[in-house]
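As a plain string of letters, each chain reads:
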Amino acid sequence: MIKLSVIIPTCNRQHSLRRSVNSVLDQNIDNLEVIVVDDYKEDQTSDITNLFADISCVRVVKSWSHSPSGARNVGVSNAKGEYITFLDDDDIYLPGRLKNMLSYFETSATSLSFVSSGRFFETDDFKTIFGDDSQIYGEITLSDVLEDNGIDIGFLMRRDFFNKLNGFDETFSSLEDWDIILRSLLINNGYKLQRLDYVVNAEIDRNRVSFSQEKSRNKLADKYLFTFGSKWYYENKLRGLHELGLFDWRIFLKSLRYSHSLLPIKIVIKHLLKAKKNDAN
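Remember, predicted model here, so these are calculated numbers, not experimental data. (Residues numbered from 1 in each chain as written. Predicted model: local features only at pLDDT ≥ 70, side-chain atom pairs only at ≥ 80, totals over all residues. Heavy atoms only, no water.)

**Section: the packing of helix H8 (residues 225-243) against helix H9 (residues 249-259)**
Contact geometry of H8 with H9 gives a least axis separation of 8 Å together with a crossing angle of 140°. The angle between H8 and H9 falls in the class oblique. Our pair here, H8 against H9, has a crossing hand that is left-handed. Where H8 approaches H9, its residues Ser230, Lys231, Tyr234, Glu235, Lys237, Leu238 and Leu241 are matched on the opposing element by Ile251, Phe252, Lys254, Ser255, Tyr258 and Ser259. (Axes fitted to C-alpha atoms, helices over the stretch in contact; angles between N-to-C directions. Helix = DSSP H or I, 4+ residues; strand = E, 2+ residues; numbered from the N terminus. Parallel < 35°, antiparallel > 145°, perpendicular 65-115°, else oblique. Left-handed = near helix turned anticlockwise from the far one by under 90°. Contact = heavy atoms within 4.5 Å.)

**Side note on the side chain of aspartate 169**
With respect to the secondary-structure elements, aspartate 169 resides in the loop between helix H5 (159-164) and helix H6 (176-185). For aspartate 169, a relative accessible area of 18% translates into the label buried. Those residues in contact with aspartate 169 that lie beyond four places of it in its chain are Ser69, Glu176, Asp179, Arg183 and Lys223. (Buried < 20%, exposed > 50% of the residue type's maximum accessible area, 1.4 Å probe, protein only.)

**Quick word on the pattern of salt bridges**
Applying the stated criterion across every chain, the model contains 23 salt bridges. Where glutamate 33 meets arginine 59, a salt bridge forms, and the shortest distance between an N and an O atom there is 3.0 Å. Of this pair, glutamate 33 sits in strand S2 (residues 32-38) while arginine 59 sits in strand S3 (residues 58-62), and the two are 26 residues apart along the sequence. A salt bridge links lysine 127 to aspartate 124; its shortest N-O distance comes to 3.6 Å. You can call lysine 127 exposed: its relative accessible area is 66%. It is possible to trace a salt-bridge network through shared partners that takes in Lys3, Glu82, Glu106 and Arg158. (Salt bridge = Lys/Arg side-chain N within 4 Å of Asp/Glu carboxyl O.)

**A few points about the pairing of strand S10 (residues 190-201)**
Relative to S10, strand S5 (residues 92-93) is paired through two bridges, and the arrangement is antiparallel. Looking at the pairing, isoleucine 92 lines up with valine 199 of S10. Of the pairings in the sheet, the one linking strand S6 (residues 115-123) to S10 comprises eight bridges and is parallel in character. Within S10, the residue paired with phenylalanine 120 across the bridge is valine 199. Pairing between strand S8 (residues 138-140) and S10: three bridges, direction antiparallel. Directly across from glycine 138, in S10, lies its bridge partner lysine 192. (Pairing = 2+ DSSP bridges.)

Encoded structure:
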């Protein structure tokens, strides 16, 4: 029986894919499978299969969704593992990550929605590294991720629980990881190990999804309006619009009414300063 399935979506990035897959194989986990999901606009499954022809635990499947959420769902639908986890095709795991997460999950006295661990960033093959000071560790509750998502995409989850959640919401072009973490924490708490063992590639030429994230923040606010209340909704709408370079005075006034914090004031000041700078140019 397969214990763990690692899902790696890839989109025309074979130059870094081998490094990512090798970091999984170096985990020394028995009964493990790696599912590489080809999400490129053309079918590259044959080329990717040839790349890993010497590794029996690697399977390659095709996704035509052309989205991170859709590709990951395709991967899980082909998975056989009791547990599933994810890795981007230019990121890597450090040794011990999967074994430690599995061990904690299986020995926990409480029911958990997921187990994760810490991350840091590298560029130019580790010539530069930097951390993420916003991370929190230990038991993760819903309140811990309402402002921002501190759980990386490499969370570990039981496959049947993932399916109970109906997987990633494919209407999101980004922030689908935050969305599924929110949904999972509405059921059970999670846990984040205090280990920095998920390495995010932060090269400046890496494909960015920031604009997509800004639109998705607004979509996320709309989705959870009646779940998390007016304060959460209007703050996230205001932040999302601001990140898109837009401003809505009605949303600002509503946010000011419900927020009871300085966030709306800070955002309107940033907006006015930016508008003044644009006028000067």
